[in-house]
Amino acid sequence: MRTLYDKLWEEHHVSQLDTGESLIYIDRHYLHEVTSPQAFEGLIKKNLKPWRLNANIATPDHNVPTIRGDDFGFNQIQDDIAKIQVVELDKNCNKFGIKQFDIKSSKQGIVHVIGPELGYTLPGMTIVCGDSHTSTHGALGCLAMGIGTSEVEHVLATQCLKVSKLKNMCVKFEGNPSENVTSKDIVLYLIGQIGTAGGTGYAIEFSGSYIDSISVESRMTICNMAIEAGAKVGLVAPDATTINYVRKNSMLSDEMLEEAIKYWEKLQTDDNAIFDKEMVIDVSQIKPQVTWGTSPEMVVNFDENIPTASQSSSDEQKNIILARKYMGIESEKKLSDLIFDKVFIGSCTNSRIEDLREAAEIVKGKTIAENILEAIVVPGSGLVKEQAEQEGLDKVFKDAGFIWRDPGCSMCLGMNPDQLKPYERCASTSNRNFEGRQGYLGRTHLMSPLMAAYTAINGTVGEPS
Amino acid sequence: MISNSEGLIIDGILAQIDRDNIDTDQIIPTEYLKSIKKFGFEDYLFDGWRYEDDGKLGVKKEERTINKNFILNNKPYDESKIILARENFGCGSSREHAVWALRDFGIKAVIACSFGDIFYNNCFKNGVLPIKLSKDIIQSLFEKASKSFIEISIDLHKKEISINDLEKISFEVEKHLLDRIIFGLDDVDITLQYKKEISNFENKRIQNRPWIFVND
Ligand code: SF4
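Residues numbered from 1 in each chain as written. Chains lettered and ligands numbered in written order. Predicted model: local features only at pLDDT ≥ 70, side-chain atom pairs only at ≥ 80, totals over all residues. Heavy atoms only, no water.

(A) Region of the structure containing the overall build of chain A. When helices and strands are tallied, chain A shows 15 helices and 19 strands. For chain A, the C-alpha atoms occupy an extent of roughly 55 × 55 × 45 Å along the three principal directions. In chain A, which comprises 465 residues, the proportion classed as buried is 67%. In chain A, the share of contacts with a sequence separation of at least 24, taken over all contacts with a separation of at least 6, comes to 75%. Of the roughly 15700 Å² that chain A leaves accessible, carbon and sulfur atoms contribute 46%. (Helix = DSSP H or I, 4+ residues; strand = E, 2+ residues; numbered from the N terminus. Buried < 20%, exposed > 50% of the residue type's maximum accessible area, 1.4 Å probe, protein only. Contact = heavy atoms within 4.5 Å. Areas by Shrake-Rupley, 256 points an atom, 1.4 Å probe, with all protein chains shown as cover.)

(B) Main features of the sheet that holds strand β9 (residues 167-174) of chain A. Residues and elements named next belong to chain A. Strand order in this open sheet of four strands is β11-β10-β9-β12, and the pairing throughout is parallel. Two strands close off the open sheet at either side, each with one partner strand: β11 (233-235) and β12 (277-282). Between one strand axis and the next, the sheet turns by 20° as a mean value, whatever way the strands run. (Pairing = 2+ DSSP bridges. Axes fitted to C-alpha atoms, helices over the stretch in contact; angles between N-to-C directions.)

(C) Quick peek at the site of the ligand. All names here are of chain A. Residues in close proximity to the ligand include His62, Ile110, His112, Asp131, His133, Ser347, Cys348, Cys409, Cys412, Leu413, Asn431 and Arg437, which together make up its full environment. Within the shell around the ligand, the residues separate by chemical class into five nonpolar, five polar and two charged. Two domains each put at least three residues into the shell around the ligand: domain 1 (4-163) and domain 3 (292-458). (Near = heavy atom within 4 Å. Nonpolar A, V, L, I, M, F, W, Y, C, P; charged D, E, K, R; others polar. Domains from an automatic or database assignment.)

(D) Molecular detail of the interface of chain B and chain A. Taken together, the contact between chain B and chain A spans 62 residues of the former and 80 residues of the latter. Of the roughly 6000 Å² buried at the junction of chain B and chain A (both faces included), carbon and sulfur atoms supply 55%. The largest contributions to the chain B side of the interface with chain A come from B:Lys34, B:Ile36 and B:Trp211, which together make up 13% of the buried area. In this structure, the connection of chain B to chain A is made through 13 salt bridges. In this structure, A:Lys318 engages B:Asp18 in a salt bridge whose closest nitrogen and oxygen atoms are separated by 3.9 Å. (Buried area = accessible area lost by both parts, 1.4 Å probe. Salt bridge = Lys/Arg side-chain N within 4 Å of Asp/Glu carboxyl O.)

(E) Region of the structure containing the domain arrangement of chain B. Under the domain assignment used here, chain B contains domain 1 (2-184) and domain 2 (186-216). On a C-alpha basis, the centroid separation for the pair domain 1 of chain B and domain 2 of chain B is 37 Å.

(F) Representation of the sheet that holds strand β2 (residues 22-25) of chain A within the structure. Residue and element names in this part refer to chain A. The strand order across the open sheet formed by three strands is β1-β2-β8, and the pairing between neighbours is antiparallel. Two strands close off the open sheet at either side, each with one partner strand: β1 (13-16) and β8 (160-163). Pairwise comparison of adjacent strand axes, ignoring direction, gives a mean angle of 25° for this sheet. Taken together, the four bridges between β2 and β8 define a ladder with antiparallel strand orientation. The residue bridging Leu23 from the neighbouring strand is Lys162, located in β8. Across the face of the sheet, helix α5 (residues 149-158) comes into contact with β2 and β8 while running at roughly 130° to β8.

(G) View of the pattern of salt bridges. Residues and elements named next belong to chain A. A full pass over the atoms with the stated rule returns 45 salt bridges over all chains. Taking the shortest distance from any N to any O, the salt bridge between Lys287 and Asp303 comes out at 2.8 Å. Linking Lys287 in the loop between β12 and β13 (289-291) with Asp303 in the loop between β14 (299-301) and α11 (314-327), this pair joins segments that are 16 residues apart in sequence.

(H) A look at the nonpolar core. With 116 residues, the main nonpolar core has A:Phe402, B:Phe46, B:Phe89, B:Ile111, B:Leu129 and B:Ile154 as its most contacted residues. Per-element tally for this core: the top contributor is helix α15 (residues 449-458) of chain A, with seven residues. Discounting residues that sit within four places of it in the chain, B:Leu129 has contacts with B:Ile10, B:Lys108, B:Ala109, B:Val110, B:Phe124, B:Ile154, B:Leu156, B:Phe171, B:Leu178 and B:Ile181. Grouped together as the second largest cluster of nonpolar side chains are 98 residues, A:Leu4, A:Phe96, A:Ala203 and A:Phe206 included. (Core = buried A, V, L, I, M, F, W, Y, C linked by side-chain atoms within 4.5 Å.)

(I) Molecular detail of the pairing of strand β7 (residues 143-146) of chain A. Residue and element names in this part refer to chain A. Alternating residues of β7 divide into Leu143 and Met145 and Ala144 and Gly146, and every residue in both groups is buried. The sheet contact formed by strand β6 (residues 126-129) and β7 spans four bridges and is parallel. Its bridge partner lying in β7, Ile127 is registered against Ala144.

(J) Structural detail: the side chain of B:Arg19. Following the sequence through the fold, B:Arg19 ends up in the loop between β1 (9-16) and α1 (24-27). Leaving out residues up to four positions away in the same chain, B:Arg19 has contacts with A:Leu322, A:Glu435, B:Trp49, B:Ala85, B:Arg86 and B:Glu87.

(K) Focus on the side chain of A:His12. By the secondary structure assignment, A:His12 is in the loop between α1 (4-11) and β1. On the basis of relative accessible area, A:His12 is assigned to the buried category, the value being 0%. Apart from residues no more than four positions distant in its own chain, A:His12 is found in contact with A:Leu23, A:Ile24, A:Tyr25, A:Asp27, A:Gly124, A:Met125, A:Thr126, B:Phe201 and B:Arg205.

(L) Fine view of the domain arrangement of chain A. All names here are of chain A. Taken domain by domain, chain A consists of domain 1 (4-163), domain 2 (167-285) and domain 3 (292-458). A separation of 24 Å is found between the C-alpha centroids of domain 2 and domain 3. Residue-level contacts link 18 residues of domain 2 with 20 residues of domain 3. Carbon and sulfur atoms supply 56% of the area buried between domain 2 and domain 3, which totals about 1600 Å² over both sides. There are one salt bridge connecting domain 2 and domain 3. With a shortest N-O distance of 2.6 Å, Arg432 and Glu228 are connected by a salt bridge.

Structural data, given as structure tokens:
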């Protein structure tokens, strides 16, 4: 009896090494400008070429500006150092012949958004990228994980990853969520329950009636943040929803697609398979979640009191005091007491078309609150942007006072021009609220697109009626 | 890389950072990920805590406002080779720059209750040894370190930490990982010895799962 993870592992197992590790064959390798230059340098030094050229797909996303318009080339990047990385990616892709969706491409975007939507991510694949949010692709039933730069070089050179097997964990989400609760709230809730190390050493398979009921996009949000629960790998078994999604984006011939589907339909955990750890969560009890501190596990119901050091265990006291201090909430009781300065809707967690639709629904016909200095919407990819514009979502956002941007990681991390200024408080749909993540001394509160949109309109955290 | 002539001893002063969940964004903030080099990250280690101003890649330590309260800015800790922290050190982003920053500063080992998976793996590829110890031992080390500075000697061969030459604590780490630190092995070279296996596997896969290879 095997789990889905066991099956994917065995399917890709090339060789068992004397060291106890395994060589695992990698079907797809995504590259971006930040974690690849040193890997290419290593490859060149060793006089090697990519093992299987077309396994690799590249795009610049982390440090590209998101005000570009048409005809923007990398020469227009103002930050000289960031420019070097984008140019370097371009040079390396050209040198080796790697397919790149470059800064001018209409299909450029956040690597984890473009992979699935362009049909490069397929169920049953092993997928790696020098980025921890590679777990996102697990939503299509892939064994997908983030790797370091040395491993990027290793995968380029050998098409394999040298790894030890993870343990199996199963999280079953059952029931129907209440109104205003999205998959972002559900995954934040999970992280609040098990902590940011709760999944360390595990591949987490998400299942249950709630997972069955949601779209591939929503599943991606959950798998994306598996890493925030400590798990390198998040997984959802392929089902009819997955197959419909793949059909829509596939570049396979009909015949090949049907053959593949026959295989994908078998990619399930066996009925009696045993997980090393199992948990069941009733999603009907979950309220919209908002983080208050500097780790994704510091999360509460949006209307609940923020934890205080005096009411917490001695282990937690120091963390709470430090986080409250950094966040500038030393005396505040509730999240609704906080005045926000910025709103960011975007990132590989929540920048797909459904996320933008949800947010647009909230802001339609309204205007952002006076205290909001800037509210930006950054579609995850060129294709998402195009689709949103066809649906008129850009107009809805712009009419409400939002700024509509070009695709990229944007304010998810302070590597491009979109950054918080010191002490600014941001309602963000991204995945990390670490100190300084969105800019030096910036204060991040993670939440769903729906809650972020509402915060933009309301100026403070609350629940849309 | 390793101070002793036999290459099996790491010794130096322990610097304690009493926090859980020290993520890789704290070890090195995103600004410095713009570098395309693999070295030269020492001045940016723990940047947000080490300085009182916002840094930029290329701006030297001497031009910054130092946070005098941060342990690595004070003697003798400015020459520490070993860091002590609590739970989940190195969680978050996969950036190997975090390990490069530790390595470039001169850190050769990190002792903590637990580590982020990707960070843990990255350490061994860059000669930094992550050591997991129980919560109780970590607590007692913090108590000792708060009284006066601790000199540590780590014997990689015996897998033993000696504290101020008095107390000994043993630790566990998988042999193949430790070997990487001791011998500085390069994974690419090792894996390429399996070229034939990889090709055979790939050829079979092309037959059985052709849709993976449609772009080839
Ligand atoms: S959007 Fe944020 S989390 Fe996602 S890949 Fe970009 S920087 Fe990383």
